[in-house]
Amino acid sequence: MSAPWQRDGYEAVIGLEIHVQLNTASKMFCSCPNNFGDEPNTNVCMVCLAHPGALPVANAEAVRQSVRVGLALGCQIPDVSEFSRKQYFYPDSPKAYQISQYDQPLCGEGIFRVPGADGFTVRLTRAHLEEDAAKMIHAGGEGGRISGSAGSVVDFNRVGTPLLEIVTEPDIRSPEDARRFLTLLRATVIAIGASECDMEKGSLRADANVSIRPIGSTEYGTKTELKNMNSFRFLERGVEAELERQLGLVQAGERIDQETLHFDPTTGTLSSLRSKEQAHDYRYFPEPDLLPVTQDQESLAALAGHLPELPVARFDRLSEAGLVEATALVLATDTGLAAYLDDLALRTGDLKIAANWVMGELQAHLNADALSAVQSPVTPERLAALIALVVDGTINQTAAKEVFAALVADPAATAAGVVQDRNLAQVGGDDALGEIIDAVLAAHPDEVEAFRGGREQVIGFLVGQCMKQSGGRADAKALQGLLRARLSS
Amino acid sequence: MSGIDVIGLTAERAMGMLRAGECTSEELTQAYLDRIAAVDGDVHAYLHVDAERSLAAARAQDAVAGDALSGVPIAYKDLLSTKDVPTTAGSRILEGFVPIDDADVVARGNEAGLVSLGKTNLDEFAMGSSTEHSAYGPTRNPWDLTRVPGGSSGGSAAVVAAGCAPWSLGTDTGGSIRQPAAFCGLVGLMPTYGTVSRFGVIAFASSLEQVGPMALTVRDAALLHQVIARDTDRDATCTGPREPIVVPDAGRLDGITFGVPRAELEEGVEPGIRARFDESLAIATALGATIVDVELPYSRHGLAAYYVIAPAEASANLSRFDGVRYGLRVDAPDVRSMYEATRDAGFGPEVKRRIMIGTYALSAGYHDAYYVQAQRVRTLIRQDFDTAFQGVDAILLPTAPTTAFPIGARLDDPLAMYANDIFTLPVNLAGIPALSLPNGLSDGLPSSLQIIGPAHSENLLLRLGAAFEAEHAFDVVPPSMRSGA
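Remember, predicted model here, so these are calculated numbers, not experimental data. (Residues numbered from 1 in each chain as written. Chains lettered and ligands numbered in written order. Predicted model: local features only at pLDDT ≥ 70, side-chain atom pairs only at ≥ 80, totals over all residues. Heavy atoms only, no water.)

**Quick word on the overall build of chain A**
Tallying secondary structure elements over chain A gives 15 helices and 16 strands in all. Against the globule reference of 23 Å for 489 residues, chain A gives a C-alpha radius of gyration of 30 Å, more extended than a compact globule. C-alpha atoms of chain A, sized along the principal axes, occupy 95 × 55 × 50 Å. Burial statistics for chain A: of 489 residues in total, 49% are counted as buried. Look at the contacts in chain A between residues 6 or more apart in sequence, and 69% of them connect residues 24 or more apart. Total accessible area on chain A stands at roughly 22,000 Å², and carbon and sulfur atoms take up 51% of it. (Helix = DSSP H or I, 4+ residues; strand = E, 2+ residues; numbered from the N terminus. Rg over C-alpha atoms; globule rule 2.2 N^0.38 Å. Buried < 20%, exposed > 50% of the residue type's maximum accessible area, 1.4 Å probe, protein only. Contact = heavy atoms within 4.5 Å. Areas by Shrake-Rupley, 256 points an atom, 1.4 Å probe, with all protein chains shown as cover.)

**Some details on the overall build of chain B**
For chain B, the helix and strand inventory stands at 16 helices and 11 strands. In terms of its C-alpha atoms, chain B occupies a principal-axis envelope of roughly 65 × 55 × 45 Å. Within chain B, buried positions represent 63% of all 485 residues. Carbon and sulfur atoms form 51% of the exposed surface of chain B, whose accessible area is close to 16,100 Å². A gap of 3 Å separates the mean positions of the 37 positive and 59 negative side-chain charges of chain B. (Lys, Arg positive; Asp, Glu negative; His and termini not counted. Charge placed at Lys NZ, Arg CZ, Asp CG, Glu CD.)

**Some thoughts on the domain arrangement of chain A**
Segmenting chain A into domains produces domain 1 (6-299), domain 2 (338-410) and domain 3 (430-488). Between domain 2 of chain A and domain 3 of chain A, the C-alpha centre-to-centre distance is 31 Å. (Domains from an automatic or database assignment.)

**Details of helix H7 (residues 218-228) of chain B**
Residues that lie three or four places apart on an α-helix share one face, since the helix turns once every 3.6 residues. Burial analysis of H7 of chain B places nine of its 11 residues in the buried class, which makes it a mostly covered element. Buried within H7 of chain B we find Val218, Asp220, Ala221, Ala222, Leu223, Leu224, His225, Val227 and Ile228 of chain B.

**A few points about the pattern of salt bridges**
Going through the model one piece at a time under the given rule, you end up with 49 salt bridges over all chains. A salt bridge links Asp118 of chain A to Arg180 of chain A, with the nearest nitrogen and oxygen atoms 3.2 Å apart. Of this pair, Asp118 of chain A sits in the loop between strand E6 (110-114) and strand E7 (120-131) while Arg180 of chain A sits in helix H2 (residues 175-191); the two residues are 62 residues apart in sequence, bridging distant segments of the chain. Using a relative accessible area of 28% as the deciding quantity, one classes Asp118 of chain A as partly exposed. In this structure Arg180 of chain A comes out as buried when scored by relative accessible area, which is 15%. Between Arg347 of chain A and Asp343 of chain A there is a salt bridge, with its nearest N and O atoms 2.7 Å apart. Taken together, the residues span about one helical turn, with Arg347 of chain A and Asp343 of chain A both in helix H7 (residues 335-348) at a distance of four residues. Taking the relative accessible area as the measure of exposure, Arg347 of chain A reaches 45% and is therefore partly exposed. When salt bridges with common partners are traced through the structure, they connect Arg85, Glu287 and Asp289 of chain A together with Arg198 and Asp235 of chain B into a single cluster. (Salt bridge = Lys/Arg side-chain N within 4 Å of Asp/Glu carboxyl O.)

**What about the confidence of the model for chain B?**
Looking at chain B as a whole, its pLDDT mean stands at 96, while 99% of the residues score no less than 70. Confidence estimates for the predicted assembly give a pTM of 0.91 and an ipTM of 0.96. (pLDDT = per-residue confidence, 0-100.)

**Overview of the pairing of strand E12 (residues 224-229) of chain A**
Residues and elements named next belong to chain A. Pairing analysis gives four bridges linking strand E11 (residues 204-214) to E12, with the strands arranged antiparallel. Note that in E12 the partner of Ala206 across the bridge is Met229. Relative to strand E13 (residues 259-264), E12 is paired through three bridges, and the arrangement is parallel. Considered in E13, the bridge of Leu226 is made with Leu261. (Pairing = 2+ DSSP bridges.)

**What to know about the side chain of Thr232 of chain B**
Residue and element names in this part refer to chain B. Tracing the backbone shows Thr232 in the loop between H7 and strand E7 (257-260). A relative accessible area of 15% places Thr232 in the buried class. Other than its neighbours up to four places away in sequence, Thr232 contacts Asp104, Ser197 and Cys238.

**Some details on the packing of helix H14 (residues 458-469) of chain A against helix H15 (residues 476-488) of chain A**
Relative orientation and spacing of two packed helices are given, respectively, by the angle between their axes and the distance between those axes. Residues and elements named next belong to chain A. The N-to-C vectors of H14 and H15 enclose an angle of 125 degrees; their axes lie 10 Å apart at closest approach. Between H14 and H15, the angle falls in the class oblique. Remark: the crossing between H14 and H15 carries right-handed chirality. Contacts between H14 and H15 pair Ile459, Leu462, Val463, Cys466 and Met467 from the former with Ala476, Leu479, Gln480, Leu483, Arg484 and Leu487 from the latter. For the contact of H14 with H15, the class distribution of residues is nine nonpolar, one polar and one charged. (Axes fitted to C-alpha atoms, helices over the stretch in contact; angles between N-to-C directions. Parallel < 35°, antiparallel > 145°, perpendicular 65-115°, else oblique. Left-handed = near helix turned anticlockwise from the far one by under 90°. Nonpolar A, V, L, I, M, F, W, Y, C, P; charged D, E, K, R; others polar.)

**Overview of the interface of chain A and chain B**
With 30 residues of chain A in contact, the opposing surface of chain B contributes 39 residues. Interface of chain A and chain B: buried area, both sides summed, is about 2,800 Å²; carbon and sulfur atoms make up 62% of it. Here chain A is connected to chain B by one salt bridge. One salt bridge connects Asp289 of chain A with Arg198 of chain B, and the closest N-O pair in it is separated by 3.0 Å. Where chain A packs against chain B, one counts 12 residue pairs in polar contact (both at pLDDT 80 or more). Elements that contribute at least two residues to the side of chain A that touches chain B include exactly strand E4 (84-87) and strand E15 (285-286) of chain A. The class makeup of the residues in the side of chain A that touches chain B is 22 nonpolar, three polar and five charged. (Buried area = accessible area lost by both parts, 1.4 Å probe. Polar contact = N/O pair within 3.5 Å; in protein donor to acceptor, adjacent residues only side chain to side chain.)

**What about the sheet that holds strand E5 (residues 187-190) of chain B?**
Strand-to-strand pairing in sheets goes through backbone hydrogen bonds, with the strands running parallel or antiparallel. Residues and elements named next belong to chain B. The strand order E1-E3-E2-E4-E6-E5-E10-E11-E9-E7-E8 describes an open sheet built from 11 strands, whose pairing is mixed. On the outer flanks of this sheet lie strand E1 (46-48) and strand E8 (290-293), each paired with one strand and no other. Pairs of neighbouring strands in the sheet enclose a mean axial angle of 35 degrees, with direction left out of account. In this sheet, strand E3 (residues 115-120) lies alongside strand E2 (residues 73-77) in parallel orientation, the contact comprising five bridges. Paired with Tyr76 across the strands is Lys119, a residue of E3. Along the sheet, helix H2 (residues 25-43) makes contact with E1, E2 and E3, crossing E3 at roughly 20 degrees.

Shown next as structure tokens:
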């Protein structure tokens, strides 16, 4: 665990509710396309508009993907789960009830481990499958928000999108840990391909339940709920701001009200959306239009057996292979980069060298060109050929960087070809280096004198001169050895 | 005028006439439209008739080499969605609403070449036992125009009894096919839950309701059930029938054991109904069947359980009528006021009563005492039937404890109205099939026999029904309708 949030004798108690839109081809209870960003109200039908007589039919692929997420997060998968109706009137809910799950969710309790030297675990309460609401746009309100709006329009394209809600126990003790946990959870869902988890597009949304209590207490304080924080940074800042607000209230002798809050990242302030007194009675009851979902152990075992390597396991593997934690974490949480790394390591036979290249030149190039690893013109095969030239001493690091840039610029080029065309093979033979050294020593008698007089650091300048003379191609190690031998003779 | 006498004409006979070339579907359809024009002003069983549309559909059937049922007319309860044809559920809140697709059962009818004559009246959202709760006025019983036809499928019953359609489709949530069939002297089948698609049926109580046939004969009921009892990918609870539906011939009942829950008959059953019922037991014995006593100890709690579960589901099912996307909208300054004004103006008193009962039964603090408890009772009632069917092939009861009551008689007494479904509700709670068939007259009004069977026993029920029917020689045409044309 990172340093827990503790101030003036109080500690933070944080739980998360995470909504993940599943990337199935069709919606949760009808066959409309499940597409983000289409012309409003085009992906709609009798079912998702709740016309009279329309009935839901559960999307089997959404159920399957939810179970895979549950398995990946370490949740128990019960034999039977059930859909329920959650009732509320609002224009974003055409049936005036949302088909969700109540006391029999698809995924039950689990434990999720955030690895590392300061790692921690978070108990998962459940993960249940439901349908997303329609998108309300409040015309005239700032940024489409309701305050100051004169009227609202509804885009029903989003209604019925499969939505998996993952709920944690209040096991998180700092805003930073909340961010770390969510980062790894997001990476896990992406790794199994169940969602893009794009917070900007709303395919990953997080609410936080926040309270404080005296350090050492086992009771929970009154919690508030922070709604829909749409970036990792806002999550961390919002929770931080709420903890400070609650501490201020407690220290002023005031009461913390159970309420739902909105965090405004531009002002850093929190505003109340509704209090507990206004809380809904959702009048849940089992959805009579759908049969219970049953799981058999054999199918579950097959699903579990076919999960890809998950970020937490990958972190452990990369750490054990000797990568530093920060590197292991980046690679563990970026499935594309990790796949590239594994391919490259297989070709070079050295994970650490491969990781250095992936974290260095490759990542810089991907960031600069806004590419994912799989899109890079520098395939693991081409990069491995380049690394081989470094490892066998044909070129040095300086030349290697130039070759890499050439591989990016020309997808047809090969590392060996670039080395040859640009004459980048390092000068490593004693004779060739000897000639350069002779010339440099002759040109810098003062420095030679100084070295011999005991100012050994002068050798750096002489090495640099030799390297310059070689056009950057000299084998630095050999050069230093030869130079020392010559100066000492 | 076509010259075809449609009074008392069975669908099977109509099919025979069409296939033998004795008439065209257009002529037959015109004959029914003429009959509707002549008597529906008095009966008020149809909410929507589009003669041109029906005749065009009939001509389309005449134009192809039709087989089986193609070209036979039919009427649909106005709870069933019909593409491009107004569908109201008997409610103001859906006045003018035109569905964008057919209910699955209507689509099956269209595939079979059936020609729709129109949409029939019903208690608003199928909530009622008399069709008096229609927002569009009550339907009258063709046997006695001062009396109710039963409900909620009262329009679907009355059109057939009045000769305004050879047969019809109704829906049954607590007796809504069987009780109007009983009141109008018809055959009505409530199928096993999950054998007929509910897609496009405007939902009242999803876990209780099924679509079923209403007809003049058991064979007609079987023929129409063949059309609609099908698997679908649009209703997750529907898997179709386990075996093909067979059109039965009359026969003996040797080897059949009927159970009679005598304790249920002791209170509230009219003497005439009781007498006809006892006569039918004698008929069964004469045909070779054995009659034994059975107990259904929990079924007397069926009424209470039903009036928690059905309103609970209804309170959610009817929430979609909010004025936002279709149907009635009463404008108001903000969305919540608009909801309230629209629903207040759009729903009738019985619908509001049930929405309130259901909302209350699901509310925090009352959910366990009402909804959960009612589900426990439902399980016990189902077990009652399971136990009974270990010893008997089918159970016999009257369909309703009374004959058709006068219009207005029970309108101000909801409990008396609900009590008329005492023999039908437990069947819906158990999800099992039951057949209602005419059982002679009591004071000039139809009496009825209900045959209840285990799940998926439709073929047995139809066969048993055909045996009773042959012995009864019931005249399906109300006397007043004979000369009514």
